[in-house]
Amino acid sequence: EAVAAEWMLKFACSCLCRHFAEQSGAEFWRWKDVAQALINGASHIPPHLKKTVYLCQLLIRIAQGKSLGLQFENDQRISPLESALSFWTLLEREENKLGKLHEDIHRLIQIQIVAVYMENRYFKEAAEVLERLFTDSESDKPLRVKLATVVKTKDPYVPLLQNFSYSLLISKIKSYIKLSMKENETNILIQEATKHVLSQGLGATALLNRTVEVNENDRNDLQSEQRFVLSIILLRDHMFLSCVNGKMQNGCLDVDSSLFWIYTDCLLGLNNMQNVGENGVSLACSRRRQRWTYKEDLELKSGVRKFGVGNWAKILAHGNFNNRTSVMLKDRWRTLSKIK
């Protein structure tokens, strides 16, 4: 299970990187859930996986950096971007060959931590975060002084903040991702999935090369799901191998295993692939527009009481829902919590 989890975490991180770079929002958030579940389910993170974990956590926080209402740390004062900075600092310690890029990203995150507060007119918080961000070192002093001056103006549109914008930060992160993905081209799941496709001949190859008349967004969604299917094929083959002295015996998974529910969630997500019509539009489109019924809300509340918040795949598998995914359950629970 530990070996499979390690492979899957590396693959999930690779998917996060790709979808972050491509700005594929829905796919990014789906793989964010998988990566987070794998990280949370690990009893410990081995040294060779630390960089992978740090990168996942960085991307998740950067993607939500402007949402000051989100909390990633126990300290409620810490914004998503400030939390991202801590993971970027950890990444910097793991590698030392990208000096200029590291410095640029570090400085941009610092500036945008202040800028996001300024944009939301939280000037007091912007001043307070400066005290936490900067040490008394001489190298930090020029930027600290400039940002302190900006905060005093209470103007979020000053040249400094405009020249070192959030879009520039995203661009720099994409440059870093490109280098990171190049270093990790030997991802074992990608290699094995490719072999599997080739070994299946035209039948499997057709899955990748299927031609349908769809618009560009639908085509990208379909191709993403096809790649997703291939990754799950390998996960299935390895996860159902019997283990001599582990939890898996006689080819059966332990239902209390976190990997079992991640796997189940993946399979349930593949319902989007079923019944694709001649025009290439999947059931996912109609499912997004489907209203939640009172009965489904009761089913969701019952599942949360039984399995706890966050165990969406388990709640989905045991509940009576109409064409729902675990992501939909999570979003609906967030809505219900706000209403309450």
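Just so we're clear, the structure is a prediction, and the values are computed from it rather than from any experiment.

1. A closer look at the packing of helix α6 (residues 123-133) against helix α7 (residues 141-153)
Orientation of α6 relative to α7, taken along the N-to-C sense of each, is 165 degrees, at an axis distance of 9 Å. If you check the angle between α6 and α7, you find them roughly antiparallel. The two elements α6 and α7 cross, and the hand of that crossing is left-handed. On α7, the residues that touch Phe-123, Ala-126, Ala-127 and Leu-130 of α6 are Leu-147, Ala-148 and Val-151. Considering only residue class, the contact of α6 with α7 consists of 7 nonpolar, no polar and no charged.

2. With respect to the packing of aromatic side chains
Aromatic ring pairs: the centre-centre distance and the angle between the two ring planes describe each pair. Inspection of every chain in the model, using the stated rule, returns 6 aromatic pairs. Where Trp-88 meets Tyr-176, the ring centres are 5.0 Å apart and the plane angle is 80 degrees; that geometry is what we call edge-to-face. Remark: Tyr-176 occurs in helix α9 (residues 166-183) and Trp-88 occurs in helix α4 (residues 80-94); sequence separation between them is 88 residues. Here Trp-88 and Tyr-176 have matching classes, each one buried. A connected cluster of aromatic rings, assembled from ring pairs, spans Phe-20, Phe-28 and Trp-29.

3. As for unusual backbone geometry
Not every positive phi belongs to a glycine, and Gln-23 is a case in point at roughly 55 degrees. Structurally, Gln-23 can be placed in the loop between α1 (2-22) and α2 (25-41). You can call Gln-23 exposed: its relative accessible area is 52%. For Lys-154, which is not a glycine, the phi torsion comes out positive at approximately 55 degrees. Summarising the element assignment, Lys-154 is placed in the loop between α7 and α8 (159-163).

4. Topic: the side chain of Arg-61
If you trace the backbone, Arg-61 turns up in helix α3 (residues 50-63). Excluding residues within four positions of it along the chain, Arg-61 makes contact with Phe-72, Glu-73, Pro-80, Ser-83, Ala-84 and Phe-87.

5. Thoughts on the nonpolar core
Counting 61 residues, the largest nonpolar core has Leu-58, Leu-59, Ile-62, Val-114, Leu-147 and Leu-169 as the members making the most contacts within it. Ranked by the residues each element gives to this core, the list is headed by helix α5 (residues 99-119), at 11 residues. When neighbours within four sequence positions are excluded, Ile-62 is seen to be in contact with Phe-20, Leu-81, Ala-84, Ile-109, Tyr-166, Leu-169 and Ile-170. Of all hydrophobic cores here, the second largest spans 10 residues; its members include Val-304, Trp-312, Phe-321 and Leu-329.

Thresholds applied
Residues numbered from 1 in each chain as written. Predicted model: local features only at pLDDT ≥ 70, side-chain atom pairs only at ≥ 80, totals over all residues. Heavy atoms only, no water. Axes fitted to C-alpha atoms, helices over the stretch in contact; angles between N-to-C directions. Helix = DSSP H or I, 4+ residues; strand = E, 2+ residues; numbered from the N terminus. Parallel < 35°, antiparallel > 145°, perpendicular 65-115°, else oblique. Left-handed = near helix turned anticlockwise from the far one by under 90°. Contact = heavy atoms within 4.5 Å. Nonpolar A, V, L, I, M, F, W, Y, C, P; charged D, E, K, R; others polar. Phe/Tyr/Trp six-rings, centres within 6.5 Å; stacked < 30°, edge-to-face > 60°. Buried < 20%, exposed > 50% of the residue type's maximum accessible area, 1.4 Å probe, protein only. Core = buried A, V, L, I, M, F, W, Y, C linked by side-chain atoms within 4.5 Å.

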